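One-letter residues, chain by chain:
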Amino acid sequence: MSKSVKRIISLLMSIALAMSTLSFGIISQAKSTSELQSEKAKIQQEIKEAQSKLDSLSAEKAETEEYLSALTQKINLLQDKIDNLESDKAALQAEINSIQSQIAETEDNLVKIQKEIDAKQKLFDESYELYCERLRAMYVSGSVSNLEVILTCPDMSSMLTRSQMIKSVSEKDSAALNELINIMNEIEAQKEELEIARNQLNEDKAALEEDKAQLQSSIDEIDASKSELDKEAAQANALMSKLSSQSSEYMEAIETNQAQLQQVQAEINAAISNQGSRGGGSYNGSSGSGSGQLSYPTDYRSISAGFPTYASGAWHGGVDFPCPTGSNVYAAGSGKVILVKYLNYSYGYHVVIDHGDGLSTLYAHNSSINVSVGQTVTQGQVIAQSGSTGNSTGPHCHFEVRVNGSQVNPLNYL
């Protein structure tokens, strides 16, 4: 056997013994949360400043509008912080879901590619064994040259036949060797690719655990912030109740459940939008800002809080008419009742009437309601009795006017 053939056999045998496992990896498409983190840092600094202002107010001012304003500012900032954390939480959860999906897909690919490598390895082993058998047979038979085989032929016909066989066998050996080398190269390439992929997969799994830890940290911070918010809101509501009893400015208590508040507004907007798509109610007046289109909703005309803010500067989307619990609440215009809700938060027991042409009115914090959805009412009809249900610091009628769903100044319509 020649040295070159021995080297080839040695190389093939060493390759056959060196098999390993691995597959294609994933590149984690992580969504950056740096902007949210920067925003949170800014909000946290503002909360610190608001708390510093609260601490600086003397004990004598602890029950004043100034203190309430500073406390409300901190509460709003706490809510901003919670909103920021919720956004960060959602971004992290989306990233986690994406990485988990990619990991699952990659692990499936690992199994698939390993099966392909195993099949190639089996083919290689079988081809290699056949090739080695031929080499061993040639070795045992001795090194007979092609010339000797031809010269020992008894006639010309045999000589031509043997010559063709030698050529055919040589080509077959060459093809078999090339096939083995090709399979070997394919296996080696896949092994390298799988090795890189598995390393990447391990990195992605580590990143996933890091994201999960960060997510849990965000959840813990949200819980802590909500506890602080609830505590400050309770203090603010107690102070508002005390100040309301002194000034008769009955305010809406601070509600910390933003999801509930958003749901309330969504239901009101949906009722108004659905009615608008059906052609509106029975009111045919103008929806402009002229006065005199609507009548007062109560017999009490004094206003404790106007549109669009309270005395403290906090948002107020309507006008408040203080009145004893059980006082009549009247429809400010003819129209159709499109929403009736009985809540123990937000607007409490409230009614929405559509007057047509995009104009609607809302009556909130009632103690009882006399109408139902779909009912047609006339201007001045008693629709409810006033009260202090929901987020309210005292008995009053909270009255809103909306044009195409947007809150506008009710005084422009009375």
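Residues numbered from 1 in each chain as written. Predicted model: local features only at pLDDT ≥ 70, side-chain atom pairs only at ≥ 80, totals over all residues. Heavy atoms only, no water.

1. Quick look at the overall build of the protein chain
Then comes step 1: Within the protein chain, the regular secondary structure consists of six helices and ten strands.
Then comes step 2: Here the protein chain holds 414 residues, and the buried ones make up 38% of them.
Then comes step 3: Sequence-distant contacts, at least 24 apart, represent 73% of the contacts inside the protein chain between residues at least 6 apart.
Then comes step 4: Put simply, the protein chain shows about 21,600 Å² of open surface, and 51% of that area lies on carbon and sulfur atoms. (Helix = DSSP H or I, 4+ residues; strand = E, 2+ residues; numbered from the N terminus. Buried < 20%, exposed > 50% of the residue type's maximum accessible area, 1.4 Å probe, protein only. Contact = heavy atoms within 4.5 Å. Areas by Shrake-Rupley, 256 points an atom, 1.4 Å probe, with all protein chains shown as cover.)

2. Here we look at the confidence of the model for the protein chain
Then comes step 1: A residue-level look at the protein chain finds 72% of positions with pLDDT of 70 or above and a mean pLDDT of 77.
Then comes step 2: Overall, residues 281-291 carries pLDDT values under 50, and its contacts beyond four positions in sequence, including any with other chains, amount to 28 contacts. (pLDDT = per-residue confidence, 0-100.)

3. A look at the pattern of salt bridges
Then comes step 1: Counted by the stated rule, this structure contains nine salt bridges.
Then comes step 2: Between Lys81 and Glu221 there is a salt bridge, and its shortest N-O distance comes to 3.6 Å. One end of the pair, Lys81, is in helix 3 (residues 65-141); the other, Glu221, is in helix 5 (residues 156-247), and 140 residues separate them in sequence.
Then comes step 3: According to the relative accessible area criterion, Lys81 is buried, its value standing at 8%. (Salt bridge = Lys/Arg side-chain N within 4 Å of Asp/Glu carboxyl O.)

4. Structural notes on the nonpolar core
Then comes step 1: If you look at the biggest cluster of nonpolar residues, it comprises 24 residues, and the most contacted ones within it are Leu294, Val351, Ile353, Tyr363, Ile383 and Phe399.
Then comes step 2: Counting only elements with at least two residues in this core, the list comes to strand 1 (319-322), strand 3 (335-342), strand 4 (349-356), strand 5 (359-366), strand 8 (382-385) and strand 9 (396-403).
Then comes step 3: Here the element with the most residues in this core is strand 9; it accounts for four residues.
Then comes step 4: With 18 residues, the next largest nonpolar core counts Leu57, Tyr67, Leu77 and Ile82 among its residues. (Core = buried A, V, L, I, M, F, W, Y, C linked by side-chain atoms within 4.5 Å.)

5. Considerations on the sheet that holds strand 6 (residues 368-369)
Then comes step 1: The strand order 2-8-6 describes an open sheet built from three strands, whose pairing is antiparallel. The open sheet is flanked by strand 2 (328-330) and strand 6, the only strands paired with a single partner.
Then comes step 2: Sheet topology places strand 2 next to strand 8; three bridges connect them, and they run antiparallel. Bridging from a neighbouring strand, Val329 pairs with Ala384 of strand 8. (Pairing = 2+ DSSP bridges.)

6. With respect to the packing of aromatic side chains
Then comes step 1: Within the structure shown, the criterion is met by four aromatic pairs.
Then comes step 2: Aromatic pair Phe307 and Trp315: ring centres 5.6 Å apart, planes at 70°, arrangement edge-to-face.
Then comes step 3: Plain terms: the ring middles of Tyr363 and Phe399 are 5.4 Å apart, the flat faces sit at 50° to each other, and that makes the pair tilted. Of the two residues, Tyr363 sits in strand 5 while Phe399 sits in strand 9, which places them 36 residues apart along the sequence. Grouping residues by exposure puts Tyr363 and Phe399 together as buried. (Phe/Tyr/Trp six-rings, centres within 6.5 Å; stacked < 30°, edge-to-face > 60°.)

7. Here's the deal with the environment of Gly380
Then comes step 1: Relative to the helices and strands, Gly380 resides in the loop between strand 7 (376-377) and strand 8.
Then comes step 2: A relative accessible area of 36% means that Gly380 is categorised as partly exposed.
Then comes step 3: Beyond its immediate sequence surroundings of up to four residues, Gly380 is in contact with Tyr330 and Ala331.

8. Some details on the pairing of strand 9
Then comes step 1: Within strand 9, eight of the eight residues are buried, which leaves it mostly tucked inside the rest of the structure.
Then comes step 2: Burial along strand 9 is two-sided: His396, His398, Glu400 and Arg402 facing one way and Cys397, Phe399, Val401 and Val403 facing the other are all buried.
Then comes step 3: Here strand 1 pairs with strand 9 via four bridges, running antiparallel. Each residue of the ladder has a partner; that of Asp320, found in strand 9, is His398.
Then comes step 4: Alignment of strand 5 against strand 9, held across six bridges, turns out to be antiparallel. Residue pairing for strand 9: Leu362 is matched across the bridge by Glu400.
Then comes step 5: Here strand 9 pairs with strand 10 (residues 406-408) via three bridges, running antiparallel. Counted as the bridge partner of Arg402 is Gln407 from strand 10.
Then comes step 6: In textbook terms, the turn of a hairpin is the stretch between consecutive antiparallel strands, and for strand 9 and strand 10 this stretch comprises two residues, one of which, Asn404, has a positive phi near 55°.

9. Some points on helix 2 (residues 34-56)
Then comes step 1: For helix 2, which comprises 23 residues, the first-to-last C-alpha distance of 33 Å matches the rise-based estimate of 33 Å (1.5 Å per residue) to within 8%.
Then comes step 2: Of all the residues in helix 2, the buried ones are Leu36, Lys40, Ile43, Ile47, Ala50 and Leu54. (Expected span 1.5 Å × (residues − 1).)

10. Overview of the pairing of strand 5
Then comes step 1: Across the eight residues of strand 5, eight count as buried, placing the element largely inside the fold.
Then comes step 2: In the sheet, strand 4 pairs with strand 5 via six bridges, with the strands oriented antiparallel. Paired with Asp354 across the two strands is Ser360, which belongs to strand 5.

11. Here's the deal with unusual backbone geometry
Then comes step 1: The omega torsion across Phe307 and Pro308 is 10°, close enough to zero to call that bond cis.
Then comes step 2: Its place among the elements puts Pro308 in the loop between helix 6 (258-277) and strand 1.
Then comes step 3: Although it is not a glycine, Ser346 adopts a positive phi angle of roughly 55°.
Then comes step 4: Among the residues examined, Ser346 registers a relative accessible area of 10% and is labelled buried.

12. Some details on the state of the cysteines
Then comes step 1: Inspection of the entire model under this criterion finds zero disulfides.
Then comes step 2: For Cys323, which is in no disulfide, the shortest distance to another cysteine sulfur is to Cys397 and amounts to 6.1 Å.
Then comes step 3: Classification of Cys323 as buried rests on a relative accessible area of 5%. (Disulfide = S-S within 2.5 Å.)

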